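# Notes for the structure review
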Amino acid sequence: MEAAEPGTVFQKSKSTGMNWRRHCCAISIFVFMALLLVSFAYQMHPALAAQEDKEIIAGVPANFPPQYQVDAKTGKPYGFAIDVMDEVARRSGIKARYVVYGNFSEVIAALRKGEIDVVPNLGITDERKNYTDFTTPVEASHIHIFVRSTANGIKNIDELTGLKVAVVAENQGYFIMKERSGSKLLVYNSMEEALMSLISGNADAMVYPEEPLLRVARQSGIEDRIKSVGDALAEIKRAIGVRKGQPELYNKLDNAVKVFILTPEYAKIYSKWYGKPEPYWNTQRVLTALGITITLAAIIFFVIHYFSVLRLNKKLRESEEKYRNLVERSNDGILIIQDGLVKFTNARLAELWGSSAEELLETPIIQHIHPDERDKVMERYQRRMTNEDVPPIYETVLLRKDGTTVNIEINAGVISYKGKPADLVMIRDITERKRAEELLRENQALLDLALRSARMGVWHWNIIENRRYFDDQVCHLLGIDSATFTGAAEEFFGAVHPDDRETIKAALARTIEQNVPYEPEYRAVWHDGSVHYITARGRLVRDDKGGRALRINGIIWDITEHKKAEKEITFLASIVKNVPDAVCSIDLNGNIFSWNKGAEKMLGYKAEEIIGKPITITIPEERAQKELDHCIGILNAQGFFTDYESVRLTKDGRVIPVEITAVALKDREQNITSYTSIIKDITERKKAEALHLENLRLEFMDKAKSEFLANMSHELRTPLNAIIGFSELMKQGITGKMNEKQERFIDNILSSGTFLLSLINDILDLSKIEAGKIELCIEKFSVNQAVDKSLILIKERASKHNIIIKKEFSLHLDIGGDKQRFKQVLFNLLSNAVKFSKEGGGMVTIKTEKEGDMARISVSDTGIGIKEENIGKLFKKFQQLEPEISGKYGGTGLGLAISKQLVELHGGKIRAESKYGKGSTFTFLLPLKAKIKEENK
């Protein structure tokens, strides 16, 4: 490398005018090229170039940052999903035209109706797959529970029961919480509304994807006021949703997405919308700055160019000097080979060869390689020269000038040297490394011998690759074939006893997360079925910064024999350690010689008063000898028994049920010397078992009662219908004219019969539901029409009590369900609303609306209200809230219980809200499409 002198770059002209003309020419050419580049950029930029692509319609919600937002001035959408959709469309040869809808529900409805073709970055769900083809996922987010930063006590989703939870309609957090019962869902149309509900304290928690929520919180300056709790509830993947029936469009978009998500452009878009600032120099600003630069460049080009060349020549000389020093002072040998000849070499390589650099120049490289290695070196050199893919680093043997050899490592690569291809080669002396490797192999052999003698093996787990590396001894101890072992996790866990696999996984996780030693014990099951006990020890290795976990290094050894001995010791020790139970020992004659505190407490005998006495004094006389002979016979034959149930006689004469575990103790010659038993008092367990049997009996009787009442419908109703029917005929004068007293009696009979029939109907309905014998007649019907018909039955009663009935109906609301049962539920709620209105009159409001995939019907009144402590009694059978209320207003206490059962049979929910003295609101929700409980299908 030779540096050019400044004079070789610019020669002084004899004519100053000629120099000026040359500079003007250069400036003109520069300006022309710049304008050409601007024109090219204008034509190539997708926002500026004319488009003739096919147009598709993309539907987006108005406000779902950072995915979708709408510019207040232009009305155009923008956001992460829009940027991704634009880039994917451009790569697919498609132009996307956007239609903005109020919320996600409207977008989904438009997609299903065929009004739009695609939805950018739509969350992938099983339900949406019925009408949507999803491309390869564009991103993934995690659903989390968020609470206020000051909140404590909520750690997981189970603790949301009974709390108010904010969710966004059609968001995955909404669907997750909707499937769980027990929480009160506050459904909002936007993330901002839900977040403000949480911050303001209206909601106790919020369930939403983590990334967009935290981004909005940061931008709003409220990030410190919220926090996420517990593990992620779900991972939500988003993709471009294509309306089904468009395979050509789907394939274009899917292919474009697969390529695009791997590009830097995708990374820039992601960073822009998820936390990193948007680059200042966007396309528009670059084009503007470029125009200004071109104008300024025409003025100052000459001065800058002249001084730049001067500085460049100086830097070239400095650079050449720097790299010459690096090459000459390098610890590695460096040479350039061209046409098989040495064209350049540094001093270190000449020293390694044992000659001068001049002697090596223009000599064939192959003559300096050991004869046994020449074919390999030449073959790799030739392949590199023909641009084949050849490993650049390999080992060979250098032949020095004096005939000695040196082990070297070659690192070679193709460069251009004086206009022709050449090989740039780095050569390193690895003599010491080879010696160290040989010493390591010798030490490894000694270590293997020691490990085999101790029945131990060495292993390590590469955490990043999830790959295990076992030596032959580890494979042998685990019963694995080392010849076929690949290191996969399933191969290792396949050799582990199924009951111990989770123990190992938990130990590995604890080591990685807490940086504690890995020390599990587990069982290996060999192919012959034999079980071998293994203990392992390991230590975690992290990267240089102490951050990412890289691997765990460890050893294992076989402790099967130790476990066998430990098992016997543990079994005997466990008998003594069970202090709450009675532990006693008897000799071969059945006399007690050991009696613990648990035995004293259970049976009442002190140790000093019972030791030396026969064990039979603790057994009822009628079974004492027979049981003793039986138990000793088992112990003599088997050595132990467990879970033997019997009874024992206490000192004060009580007989208690017990469970006995016993073992025969032996000497070294395996002769039985005594017997030890653990006696457990199972009185409470027996009581619990008896209580359980009694509960089963009562449950059976209750069900039998319900079935009896359900089957007795005809027998109970027929007599009452006759009484009511004949009473009505008599009142009409069919049997002749009655006097005033007779008419009063008939009115009492008629009203009492009617009330009794209503009560029997309620009881029979409830019994049918509980017996699982009620059948729903499912049909599609208009909620508003059904409500109107129900109001006809209640208007007269409302009018008598000066009660105004107000309707607030959704424009059109159809559901699938049992129309008659729907009207029964509604009539119950309306009757209660009228009945419990205040004496001076009031207002009853009935409201119908759609809530997600549910119909929401509410009945509100301005009546007497319900005390907070009585809300929980509302939907229970035969429950009257207060004696004075039930006495004044009457009722059976069954109407709300039946309503609740009927609503739940439809797959719906019912709830009540009330302020004492101000009124109540009863709300029930039914699926738009029938979802009937399985037992009632």
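Everything numeric here is computed off the predicted structure, so don't read it as measured data.

## With respect to the overall build of the protein chain
Per the secondary structure count, the protein chain includes 28 helices and 33 strands. Relative to its full complement of 937 residues, the protein chain shows a buried share of 38%. Long-range pairs, those at least 24 residues apart, make up 59% of the contacts in the protein chain between residues at least 6 apart in sequence. Surface exposure of the protein chain reaches about 53800 Å², of which carbon and sulfur atoms provide 54%.

## Remarks on the sheet that holds strand β12 (residues 333-338)
Ordered in space as β13-β12-β16-β15-β14, the 5 strands form an open sheet in which the pairing is antiparallel. Of all strands in the sheet, those with a lone pairing partner are β13 (341-345) and β14 (393-399), marking the two edges. Averaged over all pairs of adjacent strands, the angle between their axes in this sheet comes to 40 degrees, without regard to strand direction. Against the sheet, helix α13 (residues 374-385) makes contact with β12, β14, β15 (405-417) and β16 (420-429), and its axis sits at roughly 130 degrees relative to β14, the strand it touches most.

## Structural notes on the pattern of salt bridges
Evaluated as defined, the whole model comprises 52 salt bridges. E87 serves as the salt-bridge partner of R90, at 2.7 Å between the closest nitrogen and oxygen. Placement of both R90 and E87 in helix α3 (residues 80-92) is noted, with a separation of 3 residues, approximately one turn of the helix. In this structure E87 comes out as buried when scored by relative accessible area, which is 16%. Residue E87 pairs with R91 through a salt bridge whose shortest N-O separation is 2.9 Å. In this pair, E87 and R91 both sit in helix α3, 4 residues apart, roughly one turn of the helix.

## Let's talk about a nonpolar patch on the surface
A cluster of nonpolar side chains, L698, F700 and M701, forms an exposed patch at the surface whose accessible area comes to about 330 Å². Tracing the chain through its elements places F700 in helix α22 (residues 683-711). The class of F700 is exposed, set by a relative accessible area of 62%.

## Comments concerning the confidence of the model for the protein chain
Across the protein chain, pLDDT averages 81, with 80% of residues at or above 70. In the model of the protein chain, helix α1 (residues 6-9) stands out as the element of lowest mean pLDDT, 31, in contrast to strand β6 (residues 132-134), which has the highest, 95. Contacts for the low-pLDDT stretch residues 1-32, under 50 throughout, to residues beyond four places or in other chains number 28 contacts. Here residues 277-286 scores under 50 on pLDDT; set against residues more than four positions off or in separate chains, the count is 5 contacts.

## Thoughts on the pairing of strand β22 (residues 582-586)
Counting buried positions along β22 gives 5 out of 5 residues, so the element sits mostly inside the fold. Burial of β22 is two-sided: the residues A582, C584 and I586 facing one way and the residues V583 and S585 facing the other way are all buried. Bridge count between β22 and strand β26 (residues 672-681): 5 bridges; the pairing is antiparallel. Following the sheet pairing, S585 is matched in β26 by T676. Count of turn residues in the β22/strand β23 (residues 592-595) antiparallel hairpin: 5 residues, of which G590 carries a positive phi of about 85 degrees.

## Some words on the sheet that holds strand β31 (residues 854-861)
The sheet built from 5 strands is open, its strands ordered β28-β30-β31-β33-β32 with mixed pairing. A single partner strand is all that each edge strand has here, and the edge strands are β28 (803-808) and β32 (909-915). Each strand axis lies, on average, 15 degrees off the axis of its neighbour in the sheet, ignoring direction. Summarising the sheet, strand β30 (residues 842-851) and β31 pair through 8 bridges and their orientation is antiparallel. When the sheet's bridge partners are listed, K847 is paired in β31 with S858. Packed onto the sheet, helix α25 (residues 783-800) meets β28, β30 and β31 and runs at close to 175 degrees relative to β28. Packing of helix α26 (residues 819-835) onto the sheet brings it into contact with β28, β30, β31 and β33 (919-927), and relative to β31 it is tilted by some 20 degrees.

Analysis parameters
Residues numbered from 1 in each chain as written. Predicted model: local features only at pLDDT ≥ 70, side-chain atom pairs only at ≥ 80, totals over all residues. Heavy atoms only, no water. Helix = DSSP H or I, 4+ residues; strand = E, 2+ residues; numbered from the N terminus. Buried < 20%, exposed > 50% of the residue type's maximum accessible area, 1.4 Å probe, protein only. Contact = heavy atoms within 4.5 Å. Areas by Shrake-Rupley, 256 points an atom, 1.4 Å probe, with all protein chains shown as cover. Pairing = 2+ DSSP bridges. Axes fitted to C-alpha atoms, helices over the stretch in contact; angles between N-to-C directions. Salt bridge = Lys/Arg side-chain N within 4 Å of Asp/Glu carboxyl O. Patch = residues over 30% accessible without salt bridge, like charges linked within 9 Å, V, L, I, M, F, W, Y side chains within 5 Å. pLDDT = per-residue confidence, 0-100.

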